[in-house]
Amino acid sequence: MSRLNINHQLHEAFSLCNSECLAPAVLASFAAASALSIAPYSWPLRALAPGWLRGTTIPAAAATANTGATHSCSHRRRAVIAGTRPPPTVAMPLTGSRKRKAPAIEGADASSLSEGPLQPKRQKRLVTRRSLVYYLKGREWGAQSREGLQGFEGELCGYAVQRLPELLQERELALGTLNKVFASQWLNARHVVCGTKCNTLFVVDVLSGQITRIPLMRDRVPELARAQPSCGIHAIELNPSKTLLATGGENPNSLAVYQLPTLDPVCLGDRNGHRDWIFAIAWMSDTVAVSGSRDGTLALWRMDPDMFKGSIAWHNDAGLPVYAHISPVHVDTLPRSSTNSSNIKVRALAFSGKNQELGAVSLDGYFHLWKAQSTLSRLLSIRLPYCRENVCLTYCDELSLYAAGSQSHVSFLDLRHGQQNIRPLCSREGGTGVRSLSFYQHIITVGTGQGSLLFYDIRAQKFLEERASAGQDSFLEPTGRKLKLTCGRGWLNHDDLWVNHFGGVDEFPNAVYTHCYNWPEMKLFVAGGPLPSGLHGNYAGLWS
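Scoring rules and cut-offs
Residues numbered from 1 in each chain as written. Predicted model: local features only at pLDDT ≥ 70, side-chain atom pairs only at ≥ 80, totals over all residues. Heavy atoms only, no water. Helix = DSSP H or I, 4+ residues; strand = E, 2+ residues; numbered from the N terminus. Buried < 20%, exposed > 50% of the residue type's maximum accessible area, 1.4 Å probe, protein only. Polar contact = N/O pair within 3.5 Å; in protein donor to acceptor, adjacent residues only side chain to side chain. Contact = heavy atoms within 4.5 Å. Salt bridge = Lys/Arg side-chain N within 4 Å of Asp/Glu carboxyl O. Disulfide = S-S within 2.5 Å. Pairing = 2+ DSSP bridges. Axes fitted to C-alpha atoms, helices over the stretch in contact; angles between N-to-C directions. pLDDT = per-residue confidence, 0-100.

Participant: Looking at this structure, how should I read the side chain of H515?
Facilitator: Along the chain, the position of H515 falls in strand β31 (residues 510–518). Look at H515 and you get buried, because its relative accessible area is 8%. A polar contact is formed between the side chain of H515 and the side chain of S436, at a distance of 2.9 Å. Side chain to side chain, H515 and S438 meet in a polar contact 2.8 Å long. When near neighbours in sequence (up to four residues on either side) are disregarded, H515 contacts S184, S436, L437, S438, T445, G447, L453, L524, F525 and V526.

Below you can see the structure in the form of structure tokens.
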């Protein structure tokens with residue numbers, strides 16, 4: 001099967017699947033990988049819609065799976081037809097036997113008894129088998145065998161996640177003269193909100209490329225908000241219900257909250273909060289967020305629901321939006337280490353909703369854990385094995401696993417079984433650093449400072465590999481080479497600094513400072529810019 005066919009199949013899979021079903025393209029791809037001869041589109045696509053229980057057409061392969069059973073039924077039917085059963089209209093003769101005969105059926109059609117379907121025996125639960133044919137057959141039984149099929153559905157999803165990265169194709173997006181995209185999040189199927197080093201908050205339409213700038217909120221006392229153009233917006237996070245967005249304000253020390261989907265301003269945390277730039281944000285619930293700052297503090301903010309439910313007038317006489325100014329309900333400070341006490345800057349946060357715990361990494365090489373309730377209660381602090389440039393952190397709920405990026409490694413922390421019981425992975429990208437991380441199921445995506453994306457399988461503890469096809473109709477086989485997606489050139493400002501300090505080098509790799517997936521649409525948004533701090537440039541691309 002060609003690469004184009006596999007790409008088309010996976011696109012169909014993610015565009016049609018939901019929490020109740022898997023798309024036929026993924027099933028077909030998985031079947032072929034399991035050496036099952038099933039035509040990819042031998043059944044209607046509507047059969048896998050949420051209402052598939054009614055009007056489903058049985059696939060040809062599934063229909064032939066129980067051929068022997070069908071022959072057995074036909075044999076039994078022929079035996080009835082050829083038997084010597086007396087006609088139902090004839091009364092049974094009385095004999096001296098003490099056994100009572102079945103009463104005759106008056107007026108019944110003889111053909112209905114001789115040719116009608118036999119009463120089926122009591123149906124048994126299907127035995128779970130690792131075969132796509134049995135999986136499809138089991139779906140037709142409905143809820144009776146649903147429990148036995150959940151594990152197989154998980155394997156199909158995992159297979160699709162593993163195959164997706166090698167099929168992604170890049171399309172660069174032009175961002176004009178903006179400088180380095182540090183943060184991004186999907187708002188819907190076609191819009192991504194981004195924050196840049198030049199302190200610009202904007203929404204980009206990934207289909208048309210249109211850019212819409214979002215006004216930043218100003219502190220109540222503007223003179224206290226010093227202009228800091230070299231900082232920018234480092235964090236953008238959506239609350240669990242995707243009704244609020246938290247990021248930085250015009251003053252990078254303040255927390256700004258917007259309402260979705262309108263992006264109207266709700267409130268600004270500019271009172272008694274941070275004294276330095278906000279580097280990280282994490283939502284603990286729909287109305288509670290935590291921000292981490294370069295001043296070594298974590299601030300817990302609680303948003304009043306009345307702020308975004310229309311009970312406050314949001315515009316003044318001039319028609320400008322009005323927003324509330326709030327203070328944190330709790331502030332905690334990182335403990336100072338004995339090795340590098342001057343570098344206790346909060347760099348990244350990750351929240352575990354299952355355990356109600358908040359993890360953080362600091363630039364002094366430590367991982368910290370808090371119990372997140374009405375206040376923050378610190379549980380532990382761990383020295384990371386690789387402690388240089390720890391700038392990103394992510395958490396996987398399914399595996400209960402934290403992953404922290406450093407200059408050349410990703411360290412894994414499973415706090416249920418000791419501290420570091422999983423071997424760290426090395427990015428091997430020339431020491432340019434791990435700049436962004438994200439989990440999806442058992443695959444972790446690594447964005448590097450060298451402008452590449454790597455994909456690591458936690459279960460197999462190895463990177464995904466490239467595949468090469470031996471023939472047009474054969475499936476792709478692993479080559480042993482690590483799968484790596486390399487980002488495009490982006491845009492670079494050829495200013496005096498570039499000429500004088502970088503020798504006029506025309507091309508620099510763009511560090512992947514941020515990436516975010518839209519799995520239902522099978523899309524990956526990637527953004528960043530040149531790694532040297534003095535260079536001015538940007539990169540953004542849609543991989544699909």
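What follows continues from the structure just given.
Participant: Explain the pattern of salt bridges to me, please; I cannot follow it from the model alone.
Facilitator: Close approach of charged atoms allows side chains of opposite charge to pair. The full count for this structure, using the stated rule, is six salt bridges. R163 is the salt-bridge partner of E166, the closest N and O atoms lying 3.6 Å from each other. Across the pair, exposure class does not vary: E166 and R163 are buried alike. Among the ionic pairs, E389 bridges to R435, the shortest N-O distance being 2.7 Å. In this pair, E389 sits in the loop between β18 (376–383) and β19 (392–396) while R435 sits in strand β23 (residues 434–440), placing the two residues 46 residues apart along the sequence.

Participant: Help me understand the state of the cysteines, please; the structure alone is not making it clear to me.
Facilitator: Note on terminology: disulfide describes a covalent bond linking the sulfur atoms of two cysteines. Counted under the stated rule, the structure contains zero disulfides. Here C516 stays unpaired: no disulfide links it, and the sulfur of C194, its closest cysteine neighbor, is 7.2 Å away.

Participant: I tried to follow the sheet that holds strand β16 (residues 357–362) on my own but got confused; where do I start?
Facilitator: Within a sheet, each strand pairs with its neighbour through backbone hydrogen bonds, oriented either parallel or antiparallel. Read from one edge to the other, the open sheet built from four strands follows the order β15-β16-β17-β18, with strand pairing classed as antiparallel. Each end of this open sheet is capped by a strand with a single partner; those strands are β15 (346–352) and β18. Neighbour-to-neighbour, the strand axes of this sheet turn through a mean angle of 20°, independent of strand direction. Bridge count for β16 against strand β17 (residues 366–372) is six bridges, and the pairing is antiparallel. When the bridges of β17 are listed, V361 appears paired with F367.

Participant: What is the right way to look at the confidence of the model for the chain in this model?
Facilitator: A low pLDDT means the predicted coordinates there should not be read in detail. Averaged over every residue, the pLDDT of the chain is 74; residues scoring 70 or more account for 62%. When pLDDT is averaged over each helix and strand of the chain, the minimum, 38, is found for helix α3 (residues 60–63) and the maximum, 97, for strand β6 (residues 237–238). The low-confidence segment residues 13–28, where pLDDT is below 50, has 49 contacts with residues more than four positions distant or belonging to other chains. In this model residues 32–117 is a low-confidence stretch, pLDDT under 50, and it forms 79 contacts with partners more than four residues away in sequence or in other chains.

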